[in-house]
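Summary of structural features
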Amino acid sequence: MPRIARDVVFVDGVRTPFGKAGPKGVYAETRADDLVVRAIRELMRRNPALPPERVDEVSVAATTQSGDQGLTIGRSAAVLAGLPKSVPGFAIDRMCAGAMTAVTTTASGIAFGAYDVVIAGGVEHMGRHPMGEGVDPNPRFLAEKLVDPSALVMGMTAENLHDRFPQITKERADAYAVRSQEKYAAARAAGRISPDLVPTAVRSAEKGYGLATADEPPRPGTTLEDLAPLKTPFRVHGNVTAGNAAGLNDGATACLLAAEDVAAELGLNARMRLVDFAFAGVEPEVMGVGPVPATEKLLARNSLTMDEIGLIEINEAFAVQVLAFLEHFKIADTDPRVNPWGGAIAVGHPLASSGVRLMNQLSRLFEERPDVRYGLTTMCVGMGMGGTVLWENTTYEGAK
């Protein structure tokens, strides 16, 4: 019999606190797989109505799939988390959009009828596995001029965006970064961040055992004066600094997706409904503009305009990347729809895990905003791509 597409809902999402990568970071001596296992266990603990054997798939993304981020991490994390051995799992990689792709891939399986309930997420331990570790780019990329040499260095791609959009100055990027820090600090002070953070055991030779309960990267109180003198490591007299870009971070995310009818059957809360998603490619040397064509494709396919989108969660890999998106869609830099609780410039960007952070944050915003029907989660992706997911608020008051 032909299968009928089913509605897919986002039930719940959690993440570890994000840490700074490197020997002084909170997760310096914590395994990557233990981070994502902690997130999966917390997801199951928070949803006791879900029998573990009803989980049909576990998809976990990692950009560097080696060491403690290898061994088909979706499957190994499922086993380590105590899920039944009958629950399969797989690993996935789309660089920064890894967790986003873990969601869209398994959600497609739900819509098709292959799954009822899935766990999707991502992990990145950039302290143990720096971006590009073990990578051997084919020499044809440069020898045949398939990509510009700058395409292989993310910071240089951000400088290229400043070249393409000269109206996006360093001062404008710094101002955006300051607002991200301010919005995150306000959200945290209001108790909006901590409910979905999983306290995570850590240890170090100096301090012994401890518990990570808060994000490590934010720099509250950051001012324009603080950012102005920072070095521009990717170009002499450039625009991209450590202050207007996301840092190098460690962390993991996990979320629970289900067919809407199955969520109702099991008594699971449906926070938001997945409407559609799109990925698109761009020139790798300006990968930061990737969210633009992905979003255009998505809006056109669903006969929507940007004016009908009430909330936008966009990954802040670099301030210029966000500002290029806003510039294209004629959205003001200070538009309240955009990252109301701050973004990756403040909280961090552990590559493959970030897509689910965006989704969880959007789902929480939906709960506070029943007047908003549609929201986007969108991000740029290394090697010249962008991804966007369109979500519908299940509490939208206009549907009643």
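Positions within a chain are numbered from 1, following the residues in the order the chain's sequence is written. pLDDT decides what is reported in this predicted model: residues at 70 or higher carry local features, side-chain atom pairs at 80 or more are listed and counted, and totals for whole chains, interfaces and linings draw on all residues regardless. Water and hydrogen atoms were dropped before computing side-chain values, which therefore reflect all heavy atoms in the structure.

If you check UniProt for "domain: Thiolase C-terminal" (unreviewed entry), the listed places come out as residues 271–390 in our numbering. Secondary structure follows DSSP: runs of H or I at least 4 residues long count as helices, runs of E at least 2 residues long count as strands, and numbering of each begins at the N terminus. From the first C-alpha to the last, residues 271–390 spans 14 Å; its make-up is 33% helix and 25% strand. UniProt positions are given in the numbering used here, feature names are shortened, and annotations may be inferred rather than shown by experiment.

Any pair of Phe, Tyr and Trp rings, taking the six-membered ring for Trp, is counted once the centres come within 6.5 Å. Such a pair is stacked with planes under 30 degrees apart, edge-to-face with planes over 60 apart, and tilted for the rest. In total, this model carries three aromatic pairs according to the counting rule given. When the centroid spacing of 6.0 Å and the interplanar angle of 85° are considered together, the rings of phenylalanine 10 and tryptophan 391 count as edge-to-face. Pair noted here: phenylalanine 10 is in strand β1 (residues 8–15) and tryptophan 391 is in strand β12 (residues 385–393), with a separation of 381 residues, a long-range link. An identical accessibility class is assigned to phenylalanine 10 and tryptophan 391; each is buried. Type-normalised accessible area, obtained with a 1.4 Å probe on protein chains alone, sets the label of each residue: buried when under 20%, exposed when over 50%, and partly exposed for intermediate values.

Let us look at unusual backbone geometry. Its identity as a non-glycine residue notwithstanding, lysine 145 has a phi of 55°, on the positive side. With respect to the helices, strands and loops of the structure, lysine 145 is situated in the loop between α4 (140–143) and α5 (154–164). Here methionine 383, not a glycine, exhibits a phi torsion of approximately 70°, which is positive. Relative to the helices and strands, methionine 383 resides in the loop between β11 (374–381) and β12.

Moving on to helix α3 (residues 98–112). Over its 15 residues, α3 runs 21 Å from end to end, which matches the ideal 21 Å to within 8%, given 1.5 Å per residue. Taken together, the buried positions of α3 are Gly98, Ala99, Met100, Thr101, Ala102, Val103, Thr104, Thr106, Ala107, Gly109, Ile110 and Ala111. Downstream of α3 by one or two residues, glycine 113 has phi in the positive range, about 105°. The length a helix should cover is 1.5 Å for every residue beyond the first.

The next thing to look at is the pairing of strand β8 (residues 249–259). Counted residue by residue, β8 has eleven buried out of eleven residues, so it is predominantly covered. Side chains Asn249, Gly251, Thr253, Cys255, Leu257 and Ala259 project from β8 onto one buried face, and the interleaved Asp250, Ala252, Ala254, Leu256 and Ala258 project onto a second face that is buried too. Strand pairing is defined by DSSP finding a minimum of two bridges between the two strands. As paired elements, β1 and β8 share seven bridges and run antiparallel to each other. Opposite valine 8, over in β8, you have alanine 259 as the bridge partner. Here strand β2 (residues 19–20) pairs with β8 via two bridges, running antiparallel. Considered in β8, the bridge of lysine 20 is made with asparagine 249. In the sheet, strand β5 (residues 117–125) pairs with β8 via nine bridges, with the strands oriented antiparallel.

Cavities and pockets are found on a 1 Å grid laid over the protein atoms alone: a cavity is a set of points where a 1.4 Å probe fits but cannot escape, a pocket is an open set with protein on both sides within 12 Å along at least five of seven lines, and a lining residue has an atom within 4 Å of such a point. Grid points are joined across faces, edges and corners, and a volume is the space filled by probe spheres set on the points. Per the stated rule, a full pass over the model turns up one cavity of 30 Å³ or more. The volume enclosed by the largest cavity comes to roughly 100 Å³. Forming the boundary of the largest cavity are Arg15, Arg192, Ile193, Asp196, Trp341, Arg357, Asn360, Gln361 and Arg364. Broken down by element, the residue count for the lining of the largest cavity peaks at four residues, all from helix α12 (residues 354–368). Of the residues in the lining of the largest cavity, the class split is two nonpolar, two polar and five charged. Each residue is assigned to one of three groups, with Ala, Val, Leu, Ile, Met, Phe, Trp, Tyr, Cys and Pro labelled nonpolar, Asp, Glu, Lys and Arg labelled charged, and all others, Gly among them, labelled polar.

The subject of this paragraph is the layout of surface pockets. In this structure, the largest pocket occupies an estimated 1200 Å³ of space. What lines the largest pocket is a set of 46 residues, and nearest its centre among them are Met126, Met131, Met154, Leu248 and Leu351. Considering each element in turn, the lining of the largest pocket owes the most residues, four residues, to helix α11 (residues 344–347). Residues that form the lining of the largest pocket fall into these classes: 30 nonpolar, eleven polar and five charged.

To continue, consider a nonpolar patch on the surface. Patch membership requires over 30% relative accessible area and the absence of a salt bridge. Like charges are linked within 9 Å, and nonpolar side chains (Val, Leu, Ile, Met, Phe, Trp, Tyr) within 5 Å. Computed with the Shrake-Rupley method and a 1.4 Å probe, the accessible areas treat only the protein chains shown as cover for residues. Any carboxyl oxygen of Asp or Glu that lies within 4 Å of a side-chain nitrogen of Lys or Arg is treated as forming a salt bridge with it. A cluster of nonpolar side chains, Leu142, Leu152, Val153, Met156 and Phe234, forms an exposed patch at the surface whose accessible area comes to about 360 Å². Assignment of secondary structure puts phenylalanine 234 in the loop between α7 (224–227) and β8.

Here we come to the packing of helix α9 (residues 291–301) against helix α10 (residues 319–328). Contact geometry for α9 and α10: axes closest at 9 Å, N-to-C directions at 40°. Considering the angle they form, α9 stands oblique to α10. In this structure, α9 meets α10 at a crossing whose hand is right-handed. Taking contact as the criterion, the partners of Pro291, Val292, Thr295 and Glu296 in α9 are, on α10, Gln321, Ala324, Phe325 and His328. Structural elements are reduced to axes, namely lines fitted to C-alpha atoms, with helices fitted over the stretch in contact, and the angle between N-to-C directions of any two is expressed from 0 to 180 degrees. Throughout this description, any angle smaller than 35 degrees is read as roughly parallel, any larger than 145 degrees as roughly antiparallel, any in the 65 to 115 degree range as roughly perpendicular, and the remainder as oblique. In this scheme the crossing of two helices becomes right-handed for a clockwise turn of the near helix relative to the far one and left-handed for an anticlockwise turn of less than a right angle. Should any heavy atoms of two residues lie within 4.5 Å, those residues are counted as being in contact.

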